[in-house]
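Here is what each chain is made of, one letter per residue.
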Amino acid sequence: MIDVRCICAIGQRGQLGLNGHLPWEGNTDPLFVEDVTRFFALTMGHVLIAGPKTVASVPEFAFKDRTIDVIRSHEDPEEVLKRYPGRRIFVGGGIAVWNVYAKYIQHWDITRLPYDGEADRWFDPAWLVGGALRAG
């Protein structure tokens with residue numbers, strides 16, 4: 001069985017993004033720094049698949065200790081996941097990616113951060129049961 005997971009952070013009301021970035025990006029509060037550190041610790045040694053924008057935001061050091069693969073919307077998710085037999089795969093985010101991969105994700109690791117500001121992208125709770133399978 002393939003081990004497919006997601007690790008993400010959301011704001012107090014489910015905020016995910018603002019203008020193509022995390023709304024809290026660059027926040028140096030210890031809770032935000034700890035969340036980023038935890039993400040890199042948990043994904044170390046595993047596979048991270050994500051769209052081109054997410055992969056472009058991954059710091060250079062992260063490519064040394066995890067497999068990072070850019071996925072495209074035209075690719076069959078089952079074929080992408082089959083590339084990594086026996087590996088733990090983390091599905092990197094964004095609404096378009098999670099709309100397609102939610103039904104394959106067996107474990108969601110979600111951190112709720114103390115952010116309650118603006119957003120233009122929101123977490124969809126239907127992803128947790130693989131229900132958000134619409135284009136988007």
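Residues numbered from 1 in each chain as written. Predicted model: local features only at pLDDT ≥ 70, side-chain atom pairs only at ≥ 80, totals over all residues. Heavy atoms only, no water.

## Let's talk about the overall build of the protein chain
Part 1 of the reasoning: Looking only at helices and strands, the protein chain features 4 helices and 7 strands.
Part 2 of the reasoning: Mapped from its N terminus to its C terminus, the protein chain presents α and β elements in the order β-β-α-β-α-β-α-β-α-β-β.
Part 3 of the reasoning: Oriented by its inertia axes, the alpha-carbon framework of the protein chain measures out at about 40 × 35 × 25 Å.
Part 4 of the reasoning: Relative to its 136 residues, the protein chain shows a buried fraction of 40%.
Part 5 of the reasoning: Of all intrachain contacts in the protein chain linking residues separated by at least 6 positions in sequence, the fraction that spans at least 24 positions is 66%.
Part 6 of the reasoning: Accessible surface, the protein chain as shown: approximately 7800 Å² in total, 55% of it carbon and sulfur. (Helix = DSSP H or I, 4+ residues; strand = E, 2+ residues; numbered from the N terminus. Buried < 20%, exposed > 50% of the residue type's maximum accessible area, 1.4 Å probe, protein only. Contact = heavy atoms within 4.5 Å. Areas by Shrake-Rupley, 256 points an atom, 1.4 Å probe, with all protein chains shown as cover.)

## Looking at the UniProt feature "domain: DHFR" (unreviewed entry) in the protein chain
Part 1 of the reasoning: If you check UniProt for "domain: DHFR" (unreviewed entry), the listed places come out as residues 4-123 in our numbering.
Part 2 of the reasoning: Along residues 4-123, the helical share is 27% and the strand share 25%, with 18 Å between the first and last C-alpha atoms. (UniProt positions renumbered as here; feature names shortened; annotations may be inferred.)

## Focus on the layout of surface pockets
Part 1 of the reasoning: Approximately 1500 Å³ is the volume found for the largest pocket.
Part 2 of the reasoning: Contributing to the lining of the largest pocket are 44 residues, with Leu 22, Thr 54, Ser 57, Gly 93 and Gly 94 lying nearest its centre.
Part 3 of the reasoning: Within the residue set of the lining of the largest pocket, elements represented by two or more residues are strand S1 (3-10), strand S2 (15-17), helix H1 (30-43), helix H2 (52-56) and helix H4 (95-101). (1 Å grid on protein atoms, 1.4 Å probe; cavity = no way out; pocket = protein on both sides within 12 Å on 5 of 7 lines; lining within 4 Å. Points joined across faces, edges and corners; volume = space filled by probe spheres on them.)

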